[in-house]
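# Observations on the three-dimensional arrangement
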Amino acid sequence: MLTLTHAGDDPRPPRIARTVAALVCWGVLLAAMPALHAEDGYELWLRYAPAVVADPDSHGPGIAQLVAGSESPVQAATRRELLRGLQALSGVAPVGADTVTEDAALLVGTPASSSQIARLGLDLEGLGREGYRIRSAIVDGHATTVVAANDDIGVLYGAFHLLRLLQTGQPLADLDIREAPRLQVRVLNHWDDLDRYVERGYSGQSIWDWHRLPGWLDPRYTDYARANASIGINGAVLNNVNANADVLTPMYLEKVAAIAGVLRPYGMKVYLSARFSAPMQIGGLATADPVDPAVQAWWRAKADEIYSAIPDFGGFLVKANSEGQPGPQDYGRSHADGANMLADALAPHGGIVMWRAFVYSDEEPVDRARQAYNEFVPLDGRFRDNVLVQVKNGPIDFQPREPFHPLFGAMPRTPLMMEFQITKEYLGFSTHLAYTGPLYEEVLRADTHVQGPGSSVARVIDGSLHGHALTGIAGVANIGSDRNWSGSHFDQANWYAFGRLAWNPELSSRDIAVEWTRMTFSNDAAVVEPVVGMMMASREAVVDYTGALGLHHLMGRGHHYGPGPWVDGGPRADWTSVYFHRADRNGIGFDRTRRGSDAVSQYAAPVAGVFDDVAQTPEELLLWFHHVPWDHPMRSGRRLWDELVFRYDRGVDAVRDMRAAWSGLDGRIDAGRHAQVAAFLAIQQDEAQWWRDASVAYFQSISGMPLPAGAAPPPHALEHYKTLEFPHAPGDTK
Ligand code: GCV
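As recorded by an unreviewed UniProt entry, the protein chain carries the name Xylan alpha-1,2-glucuronidase and is attributed to Luteimonas chenhongjianii. The UniProt entry for the protein chain carries the following text under Subunit (unreviewed entry): "Homodimer." Under the heading Sequence similarities (unreviewed entry), UniProt records this for the protein chain: "Belongs to the glycosyl hydrolase 67 family."

## Examining the overall build of the protein chain
Along its length, the protein chain carries 21 helices and 17 strands. A globule of 734 residues ought to have a C-alpha radius of gyration of about 27 Å, and the protein chain, at 27 Å, matches this closely. Expressed along its principal axes, the backbone C-alpha trace of the protein chain runs to roughly 85 × 70 × 50 Å. Out of the 734 residues belonging to the protein chain, those deemed buried represent 62%. Sequence-distant contacts in the protein chain: of pairs separated by 6 or more residues, those separated by 24 or more amount to 72%. As presented, the protein chain carries roughly 25600 Å² of accessible surface, and 52% of it is formed by carbon and sulfur atoms. Separation of charge centres in the protein chain, based on 63 positive and 86 negative side chains, amounts to 0 Å.

## A look at the sheet that holds strand β15 (residues 472-476)
The strand order β8-β9-β10-β11-β12-β13-β14-β15 describes a closed barrel built from eight strands, whose pairing is parallel. In this sheet, neighbouring strand axes are inclined to one another by 25° on average, regardless of whether the strands run parallel or antiparallel. In this sheet, strand β11 (residues 315-318) lies alongside strand β10 (residues 269-273) in parallel orientation, the contact comprising three bridges. Along β11, the bridge assignment pairs Y271 with G315.

## Observations regarding the packing of aromatic side chains
Aromatic ring pairs are described here by two measures, namely the spacing of the ring centres and the angle between the planes. According to the stated counting rule, one finds 39 aromatic pairs in the structure shown. An aromatic cluster is built from Y42, W45, W208, Y221, Y224, W485, W495 and Y496, whose rings are joined through pairwise contacts. If you follow R638 out to its NZ or CZ, it ends over the ring of F646, 3.6 Å from the centre.

## Some thoughts on the domain arrangement of the protein chain
Along its sequence, the protein chain is organised into domain 1 (2-179), domain 2 (185-520) and domain 3 (544-590 + 627-723). Counting each side, the surface lost to burial between domain 1 and domain 3 is near 460 Å², with a carbon and sulfur contribution of 56%. Linking domain 1 to domain 3 there are one salt bridge. For R673, the salt bridge is made with E39, and the minimal N-O distance between the two is 3.5 Å.

## Examining the packing of helix α8 (residues 293-309) against helix α9 (residues 335-346)
Two elements in contact, α8 and α9, have axes separated by 8 Å at closest approach and are oriented at 40°. Taken together, the axes of α8 and α9 are oblique relative to one another. Once α8 is placed against α9, the crossing between them reads as right-handed. Together, V295, Q296, W299, R300, A303 and Y307 of α8 and M341, L342, A345 and L346 of α9 make up the contact between the two elements.

## Description of the site of the ligand
Lining the immediate environment of the ligand, one finds 16 residues, of which E199, K319, R356, K392 and E425 sit closest. Looking at the shell around the ligand residue by residue, the class counts come to four nonpolar, four polar and eight charged.

## Overview of the pairing of strand β4 (residues 105-109)
Counting buried positions along β4 gives five out of five residues, so the element sits mostly inside the fold. Taking every second residue as pointing to the same face, both faces of β4 are buried, with A105, L107 and G109 on one and L106 and V108 on the other. Here strand β2 (residues 65-68) pairs with β4 via four bridges, running parallel. Residue A68 lies in a different strand from β4, and its bridge partner there is V108. As judged from the five bridges shared by β4 and strand β6 (residues 142-148), these two strands associate in the parallel manner. Paired with G109 across the strands is A148, a residue of β6.

## Some points on empty space enclosed by the protein
If you walk through the whole model with that rule in mind, you get 14 cavities of 30 Å³ or more. Of the volumes computed, that of the largest cavity is approximately 190 Å³. Residue lining of the largest cavity: 21 residues in total, with Y426, L427, T546, M555 and W691 positioned closest to the centre. Listing elements by their share of the lining of the largest cavity, those giving two or more residues are α15 (525-547) and α20 (671-703). Of the residues forming the lining of the largest cavity, the biggest block, three residues, is contributed by α20. The residue makeup of the lining of the largest cavity, split by class, is 10 nonpolar, nine polar and two charged. When residues of the lining of the largest cavity are sorted by domain, at least three fall in each of domain 2 (185-520) and domain 3 (544-590 + 627-723).

## Concerning the pairing of strand β12 (residues 352-356)
Regular strands place their side chains on alternate faces of the sheet. In terms of burial, β12 is largely enclosed, as five of its five residues are buried. By the bridge criterion, four bridges tie β11 to β12 in an arrangement that is parallel. Of the residues in β12, the one forming a bridge with L317 is M354. Where the polypeptide runs from β11 across α9 and back to β12, its parallel neighbour, the crossover connection is right-handed. Bridging between β12 and strand β13 (residues 387-392) involves four bridges; their strand directions are parallel. Its bridge partner being in β13, R356 is matched across the sheet by Q390. A crossover connection joins β12 to the parallel β13 through helix α10 (residues 368-376); in handedness this β-α-β unit is right-handed.

## Quick look at helix α5 (residues 219-230)
The end-to-end C-alpha separation of α5 is 17 Å, in line with the 16 Å expected for 12 residues at 1.5 Å each. Along α5, 10 of the 12 residues are buried, which leaves the element largely enclosed by surrounding structure. Those residues of α5 that sit buried are R220, Y221, D223, Y224, A225, R226, A227, N228, A229 and S230. Looking at the buried residues of α5, the elements they touch are α2 (73-90), α4 (152-167), β8 (185-189), β9 (235-237), α6 (250-263) and α13 (492-503). Of the residues one or two after α5, G232 is the one with positive phi, at around 85°.

## Some words on the pattern of salt bridges
Under the criterion given, the structure shown has 47 salt bridges. Of the charged contacts in the structure, one is a salt bridge between D140 and R119, with a shortest N-O distance of 3.9 Å. You can see D140 sitting in the loop between β5 (132-139) and β6 and its partner R119 sitting in helix α3 (residues 115-120), a full 21 residues away along the chain. By relative accessible area, D140 is classed as buried at 13%. When the shortest N-O distance is used, the salt bridge between D524 and R668 registers 2.8 Å. Taken as a pair, D524 in the loop between α14 (509-520) and α15 and R668 in the loop between α19 (640-663) and α20 lie far apart in primary sequence, 144 residues in all. In this structure, a network of salt bridges that share partners links the residues E619, E620, R638, E643 and R647.

## Some details on the nonpolar core
If you look at the biggest cluster of nonpolar residues, it comprises 224 residues, and the most contacted ones within it are Y224, W299 and W495. The greatest single-element share of this core, amounting to 11 residues, is contributed by α20. Setting aside anything within four residues of it in sequence, one finds W299 in contact with L248, A274, R275, F276, A278, P279, F316, M341, L342 and A345. Within the second largest apolar cluster, 14 residues are counted, among which are I117, L127, A137 and A148.

Here is what the cut-offs are and how they apply
- Residues numbered from 1 in each chain as written.
- Predicted model: local features only at pLDDT ≥ 70, side-chain atom pairs only at ≥ 80, totals over all residues.
- Heavy atoms only, no water.
- UniProt positions renumbered as here; feature names shortened; annotations may be inferred.
- Helix = DSSP H or I, 4+ residues; strand = E, 2+ residues; numbered from the N terminus.
- Rg over C-alpha atoms; globule rule 2.2 N^0.38 Å.
- Buried < 20%, exposed > 50% of the residue type's maximum accessible area, 1.4 Å probe, protein only.
- Contact = heavy atoms within 4.5 Å.
- Areas by Shrake-Rupley, 256 points an atom, 1.4 Å probe, with all protein chains shown as cover.
- Lys, Arg positive; Asp, Glu negative; His and termini not counted.
- Charge placed at Lys NZ, Arg CZ, Asp CG, Glu CD.
- Pairing = 2+ DSSP bridges.
- Axes fitted to C-alpha atoms, helices over the stretch in contact; angles between N-to-C directions.
- Phe/Tyr/Trp six-rings, centres within 6.5 Å; stacked < 30°, edge-to-face > 60°.
- Lys NZ or Arg CZ within 6 Å of the ring centre and 35° of its normal.
- Domains from an automatic or database assignment.
- Buried area = accessible area lost by both parts, 1.4 Å probe.
- Salt bridge = Lys/Arg side-chain N within 4 Å of Asp/Glu carboxyl O.
- Parallel < 35°, antiparallel > 145°, perpendicular 65-115°, else oblique.
- Left-handed = near helix turned anticlockwise from the far one by under 90°.
- Near = heavy atom within 4 Å.
- Nonpolar A, V, L, I, M, F, W, Y, C, P; charged D, E, K, R; others polar.
- 1 Å grid on protein atoms, 1.4 Å probe; cavity = no way out; pocket = protein on both sides within 12 Å on 5 of 7 lines; lining within 4 Å.
- Points joined across faces, edges and corners; volume = space filled by probe spheres on them.
- Right-handed = clockwise from strand over helix to strand, strands pointing away.
- Expected span 1.5 Å × (residues − 1).
- Core = buried A, V, L, I, M, F, W, Y, C linked by side-chain atoms within 4.5 Å.

Laid out in structure tokens, this is it:
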């Protein structure tokens, strides 16, 4: 334990009475079963419900005294949060003080903001602005928990960490925690339109109330910032990548500045999606050609204007020459030309460009999975230092399972940032329980082998593999105006998991699920175990009932709701299901081997060798890389067709199991949240069955194979499933 005493001071004996009082108060509350009052999910994982722990005595005294400054807005936010959390968790507000004068104190600050912290001489080297330390120490003779950092924002993150320890029932004794984020830019991408419609949004309207801004600052913005800060998310792109140029006009910038003002004390910057053709739409220019001096000047002036209103503006996110969006290729220029022009405008102000690599062309006959690599790899090393190329986790589009994107590791001279989807466009919208933590973990841990074994995707994006200073990760937000933010209680876990993995991409999704469950529902093992079990099984269940073994892009056209393996025709082949599954009488799967589209060759040799070889390819990705006969022998001993049907059934069974597990929690979860999750699981079970039946009916019509013994025939003819319509499905592109 670290000791800090004033010269000449005798360490004073602990104030027994105070400590005992704190112990009693904390212990009683820790041991008490919290009342199951109705909850609506608004509080997220920041409910600060008193923790139930098995052995309150091992937890030491609660926090009796809080020494936290409030001079800067970040300090004030930290102090408010600590008071709120500590009071709610223990039932008693700690006494506020300027210096530590009591036992069981909590001292938070920086060496600059607190002389007591300065005198502790804690090693804060290498923690940067956002890192922190949490130490148990004796300060002027008093048992103290210290949260220290180089900068106020690090202190705020440390405070949230401390609250997390308390919320999850961890002991406060002998703490020695050192944390710093592995990635710099950790942002949410809101696909929110200016009319508050959210593309692929399943939780109501956009939270940004443009009509009432800037006059009315909805308290929800503050709670949004608190939630993000609690998991280390440090930025938000407020508007859809399918961008409306109007967001860059003075009328909107005033509103954006107001939002920035609310997010700033929580360490969050605002960013905007910039429409590449904005100089024409709102600037009156005849072109948006990035080499045109007038266009360059327009963007420079726009950047100056933005920074005069928002001095810490983060920068631009750009979707260009993708799915009909304008871009530099409209003028025969490259993605690097476009990104650099914007980067030059932002550079004097310290802003960055996040340039998306989600590009594919309807004029290109090549496999859509190959196109981003083909376009971007030749540009490696040609981007400015303040450009991050933002790459989706897989080469198609956020499918329930994809191999990692071949661009990871293939552009060593360009910093690449990860783009995950938190909103569940392809994993059952908000009604299906699908915890995406395991999906993120699978991708981050995938080994690109570009510099030998151990070249994980996490190490590509954290800059350590290729020595990049600028690093980042983005998650497409699942947040909306619904009271519970994410449309379902369990979808909050995906926001949470994204933030935690953005901070440290090596964390385990299971540990994150445990942490989230404890804070969101209960520390009671009888709750934690089944809930975490449900969460950890849930993503694989969705893979199974929507299309396992590497099948992908099988959803209904446009709205992406429900099964549509029969989808064909329309404006472009690579928006159809038949393009991706390629099922015919003889077999199924997309041949991406060297004998096929050769997408495998975009991976480093050891990975390409595995994916090219049907015997070595993991079965989870078999049909992503191979076209195989329906009777292809599988490791289970079944033939492929039987395995596919088995997996469809397994997925439905897994949902049934989740329902049973949840129903066993009746009485242990508050009634409001329990009822909604139960209702959604019932929807999920019906829809899993629908996915299974429609898909089996369709693929059987192609394979002509009999159903394996014991598999139930779909209750309807294929035509029935094909004719279903869903005008109510939310989130479709307009
Ligand atoms: C914002 C998919 C989605 C689109 C989305 C696009 C993208 O195609 O269906 O809604 O558009 O990805 O990531 O740009």
